[in-house]
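Each chain, letter by letter, is given below.
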Amino acid sequence: MSLATDLPDLLTAIRACRLCEDRLPHAPRPVVQAAPGARLLIIGQAPGSKVHASGHAFDDDSGDRLRDWTGIDSATFYDPALVAHMPTGFCYPGKGKGGDLPPQPACAPLWHGRLLAALPGLRLTLLVGQYAQKRYLPRGFAPNLTEAVHRWRDAPEGLFPLPHPAWRSRMWMARNPWFEAELLPDLRERVRHALRG
């Protein structure tokens with residue numbers, strides 16, 4: 001079987017996953033987007049309540065902010081032939097005291113390796129938030145999210161760490177002016193290069 005044949009079956013299996021059903025506040029609704037030729041991969045945290053309702057990754061204010069950061073429009077963002085979405089946890093984990101709960105820990109070990117193997121054309125992977133960075137940046141790369149993002153130029157080839165684009169990121173950006181002045185132009189250029197035919 002070719003990767004093109006395997007990927008639809010894999011996506012069907014991910015969307016049918018019920019592994020964490022007893023630990024979720026709602027019925028599982030795994031959110032994933034991919035196609036064999038995808039060039040950009042976005043690894044986020046886990047769907048929020050709005051994304052759980054719509055079934056589309058970053059279909060909320062955070063997504064608006066992330067699309068602005070990357071410089072790509074909605075049509076490109078939701079084109080699986082160009083952009084793949086693979087959250088650290090595929091289902092909405094529910095609310096906690098300070099926001100959404102962490103992603104369910106079983107998702108990434110179960111699905112990520114298989115999905116990555118089915119996406120051979122990836123040129124750039126955005127690690128959005130601490131959970132994606134903890135999983136994919138080398139151990140000891142940085143002591144916290146701010147330092148990891150500040151060291152974006154030192155990240156392994158093809159990986160680009162970003163903060164989560166939640167509403168709190170506006171305050172974070174105000175405290176870290178290098179993000180808008182230096183990182184975002186580089187990010188947009190790398191995204192353009194990755195998506196170029």
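Quick look at the structure, then. All residue numbers refer to position in the chain's written sequence, counted from 1. Local features in this predicted model are restricted to residues whose pLDDT is 70 or higher, and side-chain atom pairs enter the listing and the counts only when it is 80 or higher, whereas totals over whole chains, interfaces and linings include all residues. Based on all heavy atoms of the structure, the side-chain values leave hydrogens and waters out of the count.

1. A short note on the overall build of the chain
Here is step 1: Here a strand is any run of E in DSSP of at least two residues, a helix any run of H or I of at least four, and the numbering for each starts at the N terminus. When helices and strands are tallied, the chain shows nine helices and six strands.
Here is step 2: Radius of gyration: over C-alpha atoms. The globule rule applied is 2.2 Å multiplied by the number of residues raised to the 0.38 power. Taken over C-alpha atoms, the radius of gyration comes to 16 Å for the chain, in line with the 16 Å a tight globule of 197 residues would show.
Here is step 3: By definition in these notes, contact holds between two residues if any of their heavy atoms fall within 4.5 Å. Intrachain contacts of the chain at a sequence separation of at least 6 include 71% that bridge at least 24 residues.
Here is step 4: The method behind every accessible area is Shrake-Rupley, applied with a 1.4 Å probe, and residues are considered shielded solely by the protein chains displayed. In the structure as shown, the chain presents an accessible area of about 9800 Å², 53% of it carried by carbon and sulfur atoms.
Here is step 5: In this tally, Lys and Arg are treated as positive and Asp and Glu as negative; His is ignored, and so are the chain termini. Where a charge lies is defined by one atom per residue type, namely NZ (Lys), CZ (Arg), CG (Asp) and CD (Glu). Looking at charge distribution, the chain has the averaged site of its 24 positive side-chain charges lying 4 Å from that of its 19 negative ones.

2. Describing the packing of aromatic side chains
Here is step 1: Whether two aromatic rings pair depends on their centres lying within 6.5 Å, for rings of Phe, Tyr and Trp, where Trp uses its six-membered ring; planes under 30 degrees apart make the pair stacked, over 60 edge-to-face, and the rest tilted. Tallying each qualifying case throughout the model produces eight aromatic pairs.
Here is step 2: Ring centres of Phe-58 and Phe-77 lie 6.2 Å apart, and the angle between their planes is 75°; this geometry places the pair in the edge-to-face category. Of this pair, Phe-58 sits in the loop between α2 (49-54) and α3 (61-70) while Phe-77 sits in helix α4 (residues 74-77), and the two are 19 residues apart along the sequence.
Here is step 3: Using a 1.4 Å probe on the protein chains alone, a residue whose accessible area is under 20% of its type maximum counts as buried, one over 50% counts as exposed, and one in between counts as partly exposed. By relative accessible area, Phe-58 is classed as buried at 11%.
Here is step 4: Feature note: the residues Trp-69, Trp-152, Phe-160, Trp-172, Trp-178 and Phe-179 constitute an aromatic cluster, connected by ring pairs.
Here is step 5: Charge-over-ring contacts are defined here by two conditions on Lys NZ or Arg CZ: a distance within 6 Å of the ring centre and an angle within 35 degrees of the ring normal. The ring centre of Phe-77 lies 4.9 Å from the NZ or CZ of Arg-67, which sits over that ring.
Here is step 6: When the ring centre of Phe-141 is taken as reference, the NZ or CZ atom of Arg-151 above it lies at 4.3 Å.

3. Side note on the nonpolar core
Here is step 1: In this structure, Leu-40, Ile-42, Leu-126, Leu-162, Phe-179, Leu-183 and Leu-187 are the most contacted members of the largest nonpolar core, which totals 29 residues.
Here is step 2: Elements that contribute at least two residues to this core include exactly β1 (40-43), α3, β5 (124-128), β6 (159-162), α8 (169-175) and α9 (178-195).
Here is step 3: Considering every element that reaches this core, the biggest residue donor is α9, with eight residues.
Here is step 4: The next biggest cluster of nonpolar side chains, apart from the first, holds 25 residues, and it includes Leu-10, Ala-34, Ala-38 and Leu-119. In these notes, a set of buried Ala, Val, Leu, Ile, Met, Phe, Trp, Tyr and Cys residues joined through side-chain atoms within 4.5 Å is what counts as a nonpolar core.

4. Overview of the pattern of salt bridges
Here is step 1: The term salt bridge refers to a side-chain nitrogen of Lys or Arg lying within 4 Å of a carboxyl oxygen of Asp or Glu. Tallying each qualifying case throughout the model produces eight salt bridges.
Here is step 2: Across the pair Arg-67 and Asp-64 runs a salt bridge, and its minimum N-O distance is 2.8 Å. Taken together, the positions of Arg-67 and Asp-64, both in helix α3 and three residues apart, correspond to about one turn of that helix.
Here is step 3: Taking relative accessible area as the criterion, Asp-64 reaches 46% and is therefore assigned partly exposed.

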